[in-house]
Amino acid sequence: MDENGAAPDVEDSGLHDKLPISGLYENWFLDYASYVILERAVPAIEDGLKPVQRRIMHALNEMDDGRFNKVANVVGSSMQYHPHGDASIYDAIVNIGQKELLFDTQGNWGDIRTGDGAAAARYIEVRLSRFGKEIVFNDDTTEWQLSYDGRKREPITLPVKFPLLLSLGVEGIAVGLSTKILPHNFCELIEASISILQGKDVTIYPDFLTGGLVDVSNYNDGHRGGKVRVRAKIEEEDKKMLVIRDIPFGTTTTSLIESVIKANDAGKIKIKKVVDNTAADVEIQVHLATGVSPDITMDALYAFTECEVSISPNACIIIAEKPHFVGVTEILKYNTQQTVHLLQRELEIKRLALLEKILYGSLEKIFIENRIYRDIEECETFEAVIRTIDKGLEPYKPQFYREITDDDIVELTEIRIKRISKYDGFKADELMRKWQEDLAETEDNLAHITRFAIEYFRDLLKKYGKGRGRKTEIRAFNQISANIVAANNQKLYVNRAEGFIGYGLKKDEYVMDCSDIDDVIVFRGDGCCVVTKVQDKVFVGKDIIHCAVFLKNDERKVYNLVYVDGKTGVSYAKRFQVTAVTRDREYDLTQGTPKSKITYFTANDNGEAEIITVNLQAQSKAKVKQFDYNFAELLIKNRSAMGNILTKYPVRKLTLKQAGRSTLGGVDMWFDPIIGRLNRDERGEYLGNFGPTDNIVVIYKDGSYELTNFDLTNHYEPHEVLLVKKFDTKLPITAIYYDAGQKQHFIKRFNIETSSLDKKFLFISDSKNSKLILASTDIRPRLEIVYPKTAQKEQSTEEYLVEEMVDIRGWRAQGNRIPNDKFKDIRWLEPLTVPVEEPEVVAGDPAAGDPAAGDPAAGDPAAGDPVSEEVADESADDAANAFEENTVDPEEDEDGGDSSDDADSEPKGEPKPKKEGKKGSDPKSQLGLFE
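Residues numbered from 1 in each chain as written. Predicted model: local features only at pLDDT ≥ 70, side-chain atom pairs only at ≥ 80, totals over all residues. Heavy atoms only, no water.

Next up on the list: the overall build of the protein. When helices and strands are counted, the protein shows 20 helices and 48 strands. Burial analysis of the protein (931 residues in total) assigns 45% to the buried set. Considering only residue pairs separated by 6 or more positions, the protein has 67% of its internal contacts joining residues 24 or more positions apart. Approximately 49,300 Å² of the protein is accessible, and the part contributed by carbon and sulfur atoms is 49%. (Helix = DSSP H or I, 4+ residues; strand = E, 2+ residues; numbered from the N terminus. Buried < 20%, exposed > 50% of the residue type's maximum accessible area, 1.4 Å probe, protein only. Contact = heavy atoms within 4.5 Å. Areas by Shrake-Rupley, 256 points an atom, 1.4 Å probe, with all protein chains shown as cover.)

The structure is reproduced here in structure tokens:
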């Protein structure tokens, strides 16, 4: 309204100038996103620095006088170039300083391992390191721009002559994208750059200041979609305590300890306490609860705590003012070639400077030695002076690399008389000669720039590589199943009649201990099975006949059952495994007809097959109302197989007659020396087939041995283990070791006499620095010793049969000294084969080699006696007739169709039962498959 109460004119109000919000949003948002990506979050490929880091480096270089500067002052100087506040600058300075590469620091800069922060900016000090000054700055090769307020100049990018981005690593979150480049090892990057210049293929992997272990099998060159797994380094101090020595990248001792306590409170692991003794080195003691396996607890720490973390790299960088997703190898190649380019530019600048020095030195020499300065005494104007000097230089101009300008002549006129009077031609010639040598060297380096760049990288490695070796050990990790290593923190209960299971049914039937992340498999009387997640209380169906914790891919677990088909009334027997299922989906173990039900069921952990007694109903028409059935005669098939017919007649009851033995045999085991774990996946060295009582012997590099079981959760540290074999009391251990006390090498052979499991026994000298060199379990090992070249003789090699060098004695025996202890190398050769003992010859025994036993003799059909052959035939006929007379037909009909199988689900190789009464049939098979 105006002052008179009238509405304002629409044309005068400016409302017709409205812009659509969608257009504003699109333009402003894109501008904002581009600004954040380019000016704050993502580094440039040229120098590997974000803008704030680049401005900090530039400010420090301007302030550099060799002394330390308060970080508060550095923050203030950096704010001349970075308009985003002091907090971000301070955090960036601390972040760079903690990486111990570009800065020399003084004061409390915090600790990346413990998570402790740095002191306030007014208390800590910083300056550029020698390395930082050498590889980052060169005003002659730097491109400049005005700062945000136009008062200063700042570098667009710094001329970094090193793959700094990959060495420091970077992480940033922008608008619509993020970047995460993991740090790599200083020395490995330089060596890889040299390899690139030599035309070789390179592969680089991350390395972290926090140490630990890293699995880089899925690193994918740092591209999006890759992943690395980083683990803490955990050592078994004893059977009651684990010690964490290194922590994973991105974690701290505080966060790791909190995760361990949280896992213990949740019941995933069982520990007494955690003690943090971290000082100069990380040391976190994890004290175990009574009766808890340290190997399983170690795996549980990796599975449920920050002792293992997964990191997904995402190499995004700015190239030509646009973000690009590239691999770390491509970044390294770019940085390497950029280093070559910068070195070439520096050499060209140096060459030009040397040419100018030589030119001016030559002009000065000519001007003074030829007394041209005397010719200008008669000149009345400065222009005449210039022309006179130029005329005096005319005969010498062809020797210069460029034309002589008036500016060059002006510089000659500025030479003082004092300098002319003290001019020393000899010293001038020496200086000119040195410049000429430098010029020749520079031009040679320019002509062989790749060679020069390689020498530059090698010089960096020599000057700054000490103490920068790899801290993170590259190792392949095994995949830990959380269900296997989780501590049993719950108890499983079942209400069979109502169909409920869970750990909250404490008034119902106890089944077994379990963890709260386990799956439970349930079998019901109606022939269905289901796998579900364990809960406080869950309904799975009434008439539960069996429930237990379900282990996926457990091929040793075999189920034996008998069910009655609801449609035909025929009883079927089957053996099957359940290795993989869809959770909460019901699987029918019968033929799916209504009223089918399970009449007999057992779950066998090691594939046992029992014998049952089958009792038919008294009113059935079967002639044999009771018979035994052996499950061992059934093949193990899948859960959907129909099974074999047990009987067509109604069954009164089924009872266990005899417990069975395993039909699966032993377990084949392999040892993977890379990850130091046992497996059944045929990875690594085959150890053998293991039965329930078999063990493994482990020979350690420290000269001790240990007997363990063959549990897949066992740990054998690869860097500590020398030998892992199946334990055999008959196989002697042959060992060669160095006794530091006697300063002598010994060889010994012994049999393991101890029986304690998981206990180490030292079988070499306990003197400090004693060490085990070789070990073998071969029966007849051979040894090769290489002796060095001496003044008296050339290098020689000798072979020894170990059984001739030393006898088998007790494991505590010292052994015999190695002949001629001053050897260069010692190694095993192929062992000798063990001789086969000849059997003792027994008279009349053809198998024992008695020649008389091979002659035809009366009554011996094998010797070709016709009478004996006739008697043998008659005996065989009598036996067959007797078998037919004694065999009872259990069925009134003779259709013999009881053994039909599901042709679609069962293999053809299973033996089919034969009709009763036929000659040659096996009575045991008939009793096993017919009632």
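Within the protein, residue pLDDT values average 84, and 87% of them lie at 70 or more. Per-residue pLDDT, averaged within each element of the protein, yields its smallest value for helix α20 (residues 923-929) (30) and its largest for strand β3 (residues 125-128) (96). Every residue in residues 10-16 scores below 50 in pLDDT, and together they form three contacts with partners more than four places removed in sequence or on other chains. Low confidence marks residues 844-931, where pLDDT is under 50. Its contacts with residues over four positions away, or in another chain, come to 127 contacts. (pLDDT = per-residue confidence, 0-100.)

Under the counting rule described, the total for this entry stands at 27 aromatic pairs. When the ring of tyrosine 629 is compared with that of phenylalanine 631, the centres are 5.5 Å apart and the planes differ by 85°; the resulting orientation is edge-to-face. Consider the rings of phenylalanine 761 and tryptophan 811, whose centres lie 5.6 Å apart with planes at 75°: the pair is edge-to-face. Of this pair, phenylalanine 761 sits in strand β42 (residues 760-762) while tryptophan 811 sits in the loop between β46 (808-809) and β47 (816-817), and the two are 50 residues apart along the sequence. Connected via pairs of aromatic rings, a cluster forms that spans Tyr705, Phe750, Phe761, Phe763 and Trp811. The ring centre of phenylalanine 690 lies 5.2 Å from the NZ or CZ of lysine 726, which sits over that ring. Across from the ring centre of tyrosine 700, 3.9 Å away, lies the NZ or CZ of lysine 760, which sits over that ring. (Phe/Tyr/Trp six-rings, centres within 6.5 Å; stacked < 30°, edge-to-face > 60°. Lys NZ or Arg CZ within 6 Å of the ring centre and 35° of its normal.)

With that settled, the discussion passes to the pattern of salt bridges. What the rule picks out here adds up to 57 salt bridges. Taking the shortest distance from any N to any O, the salt bridge between arginine 231 and glutamate 308 comes out at 2.7 Å. With arginine 231 in strand β9 (residues 228-231) and glutamate 308 in strand β14 (residues 308-311), this pair connects stretches of sequence that are 77 residues apart. Assessed through its relative accessible area of 5%, arginine 231 is described here as buried. Note on glutamate 308: relative accessible area 19%, which makes it buried. Residue aspartate 444 is joined to arginine 451 by a salt bridge in which the shortest nitrogen-to-oxygen separation is 2.6 Å. Taking the relative accessible area as the measure of exposure, aspartate 444 reaches 33% and is therefore partly exposed. (Salt bridge = Lys/Arg side-chain N within 4 Å of Asp/Glu carboxyl O.)

A few words now on the sheet that holds strand β48 (residues 825-829). Backbone hydrogen bonds are what pair the strands of a sheet, in a parallel or an antiparallel way. Spatial strand order, β45-β44-β48: three strands in an open sheet with antiparallel pairing. Each edge of the open sheet carries a strand with a single partner, namely β45 (796-801) and β48. Put simply, the sheet's adjacent strands are angled 25° from each other on average, direction ignored. Pairing geometry for strand β44 (residues 782-787) and β45, over six bridges, is antiparallel. The partner of isoleucine 785 across the bridge, within β45, is glutamate 798. (Pairing = 2+ DSSP bridges. Axes fitted to C-alpha atoms, helices over the stretch in contact; angles between N-to-C directions.)

In the case of a regular strand, side chains alternate between the two sheet surfaces. Every second residue of strand β6 (residues 170-173) is oriented toward a common face, the buried set being Val170 and Gly172 and the non-buried set Glu171 and Ile173. Pairing between β6 and strand β7 (residues 178-181): four bridges, direction antiparallel. Following the sheet pairing, glutamate 171 is matched in β7 by lysine 180.

Helical periodicity: at 3.6 residues per turn, an α-helix aligns residues three or four positions apart in one direction. Its 13 residues give helix α3 (residues 51-63) an end-to-end C-alpha distance of 18 Å, which sits within 8% of 18 Å, the value for a rise of 1.5 Å per residue. Within α3, eleven of the 13 residues are buried, which leaves it mostly tucked inside the rest of the structure. For α3, the complete set of buried residues consists of Pro51, Val52, Gln53, Arg54, Arg55, Ile56, Met57, His58, Ala59, Leu60 and Met63. (Expected span 1.5 Å × (residues − 1).)

On to a negative patch on the surface, then. On the surface, a cluster of negative charge is contributed by Asp375, Glu377, Glu378 and Glu380. Along the chain, glutamate 377 falls in the loop between α11 (328-369) and α12 (382-393). (Patch = residues over 30% accessible without salt bridge, like charges linked within 9 Å, V, L, I, M, F, W, Y side chains within 5 Å. Lys, Arg positive; Asp, Glu negative; His and termini not counted. Charge placed at Lys NZ, Arg CZ, Asp CG, Glu CD.)

A word on the sheet that holds strand β34 (residues 667-672). Strand order in the open sheet made by the three strands is β35-β34-β36, with antiparallel pairing throughout. Each end of this open sheet is capped by a strand with a single partner; those strands are β35 (677-679) and β36 (685-690). Strand-to-strand twist of the sheet, defined as the mean angle between neighbouring strand axes without regard to direction, takes the value 30°. Direction of pairing for β34 relative to β35: antiparallel, over a ladder of three bridges. Considered in β35, the bridge of aspartate 672 is made with arginine 677.

Okay, the packing of α3 against helix α4 (residues 71-78) next. Here α3 crosses α4 at 110°, and the two axes come no closer than 9 Å. As the angle between them shows, α3 and α4 are arranged roughly perpendicular. The chirality of how α3 crosses α4 is right-handed. Between α3 and α4, the contacting residues are Arg55, Ile56, Ala59, Leu60 and Met63 on the first element and Asn73, Val74, Ser77 and Ser78 on the second. In terms of residue class, the contact of α3 with α4 is made up of five nonpolar, three polar and one charged. (Parallel < 35°, antiparallel > 145°, perpendicular 65-115°, else oblique. Left-handed = near helix turned anticlockwise from the far one by under 90°. Nonpolar A, V, L, I, M, F, W, Y, C, P; charged D, E, K, R; others polar.)

Moving on, we come to the packing of helix α8 (residues 186-197) against helix α16 (residues 449-464). The geometry of α8 relative to α16 is characterised by a closest axis approach of 10 Å and an angle of 165° between their N-to-C directions. As summarised for this structure, α8 and α16 are arranged roughly antiparallel, according to the angle between their axes. Crossing of α8 against α16: the hand is left-handed. Counting all contacts with α8, which are made through Phe186, Cys187, Ile190, Glu191, Ser193, Ile194 and Leu197, the residues of α16 involved are Thr450, Ala453, Ile454, Phe457, Arg458, Leu460, Leu461 and Tyr464. Of the residues that constitute the contact of α8 with α16, the class distribution is eleven nonpolar, two polar and two charged.

Of all the residues in α4, the buried ones are Val71, Val74, Val75, Ser77 and Ser78. Angularly, the buried residues of α4 cover 165° about the axis, an arc narrow enough to put them on a single face. Along its buried surface, α4 packs onto α3, β1 (69-70), α5 (86-97) and β3. (Arc of directions from axis to C-beta.)

The subject of this paragraph is the environment of leucine 128. By the element assignment, leucine 128 lies in strand β3. In this structure leucine 128 comes out as buried when scored by relative accessible area, which is 2%. The spatial distance from the C-alpha of leucine 128 to the C-alpha of methionine 63 is 9.7 Å, given a sequence separation of 65 residues. If near-sequence neighbours (up to four positions away) are discounted, leucine 128 is found in contact with Met57, Leu60, Asn61, Leu102, Phe103, Asp104, Lys133 and Phe137.

Once that is clear, we can look at unusual backbone geometry. Of note, aspartate 221 is a non-glycine position whose phi angle comes to about 60°, a positive value. Inspection of the secondary structure assignment puts aspartate 221 in the loop between β8 (213-215) and β9.

This part is about the side chain of threonine 532. Checked against the element boundaries, threonine 532 lands in strand β22 (residues 528-533). When its relative accessible area of 4% is taken as the criterion, threonine 532 is described as buried. Excluding residues within four positions of it along the chain, threonine 532 makes contact with Ile501, Asp519, Val520, Val538, Val540, Arg583 and Asp584.

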